[in-house]
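Fold and contact review
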Amino acid sequence: MKKIVLFALGMVAVMTTHAQDEKAKVETTVAADFVTQYIWRGLDCGNVSVQPTLGIGYKGLSLSAWGNVGFTSTDTKEFDLTLGYTTGGFNIGITDYWFSVGGDDPVNRYFKYDAHSTNHVFEANIGYDFGVLNLQWFTNFAGNDGENKNGKRAYSSYAQVDVPFKLVTCDWTATAGAVPYYSTYYGTTGFAVTNLSLRADKEIKITDSFSVPIFGQIVANPSSQKAYLVFGFTLHP
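Heads up: these notes are all about the structure in this document. (Residues numbered from 1 in each chain as written. Predicted model: local features only at pLDDT ≥ 70, side-chain atom pairs only at ≥ 80, totals over all residues. Heavy atoms only, no water.)

A few words on the layout of surface pockets. Over the atoms a probe the size of a water molecule is rolled, and this reveals where empty space is left. Taken as a whole, the largest pocket spans an internal volume of roughly 1,600 Å³. Lining the largest pocket are 45 residues, with W40, W66, F138, Q160 and R199 sitting closest to its centre. The dominant element in the lining of the largest pocket, judged by the number of residues it contributes, is strand β6 (residues 77-87), at 7 residues. Classifying every residue of the lining of the largest pocket gives 14 nonpolar, 23 polar and 8 charged. Of the volumes computed, that of the second largest pocket is approximately 370 Å³. Along the wall of the second largest pocket there are 17 residues; nearest its centre are W40, C45, T76, F99 and Y185. (1 Å grid on protein atoms, 1.4 Å probe; cavity = no way out; pocket = protein on both sides within 12 Å on 5 of 7 lines; lining within 4 Å. Points joined across faces, edges and corners; volume = space filled by probe spheres on them. Helix = DSSP H or I, 4+ residues; strand = E, 2+ residues; numbered from the N terminus. Nonpolar A, V, L, I, M, F, W, Y, C, P; charged D, E, K, R; others polar.)

In structure tokens, the structure reads:
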């Protein structure tokens, strides 16, 4: 009987440890970025903004919510939902972008999914992180996409390569992004480089248990002939 009891207790301990291990693999993200300007893929999308994130991940599968809220009434509000999967260096995902331009126009309603009168844009992405560089491809497949030169749905796409490296005390990322063909969504009339950027990230230690990540970024858009300097910091538990 004693051996049986010890065996049972051992099984309970193993099962408890296994359950704790499985639970530990569930990751949550709660954070907020504060930025001096909202620049996305080389496009000017707003002024000073707060950008909250809420996400959960388990065994490579993740679901996240991301938003952007400007500090003026004229800034576009954004709420995005992304379902993604990552295994090794490979990743794939789908994002539902929603934009509200203000006012009482019915098109601003979140639950309005009409094909020709919605502020939702649905995008699929696929990519691979090789460590020394990260390649990503994005394509809109539904919603309020732009048009091609024939006035049809453009299936607007964007490709990006990121190269991370360390220099002095900062983590750096060099980025090059381009739109491959005509799209009113990105404001391009053919192949166009829309995003050349260099970003530096660093954590500022406040106390032994609390630090604030900050970043600075230079962004140039050769297609629109514009350039930006952005600063931001992140707050998270």
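Still to come is the rest of the account.
Okay, the sheet that holds strand β8 (residues 120-129) next. Here 12 strands make up a closed barrel; going around it, the order is β1-β4-β5-β6-β7-β8-β9-β10-β11-β12-β13-β14 and the pairing antiparallel. Sheet twist, expressed as the average angle between the axes of neighbouring strands with direction ignored, equals 20°. The pairing of β6 with strand β7 (residues 90-100) spans 11 bridges and is classified as antiparallel. Residue pairing in the sheet places D80 in a bridge with Y97 of β7. (Pairing = 2+ DSSP bridges. Axes fitted to C-alpha atoms, helices over the stretch in contact; angles between N-to-C directions.)

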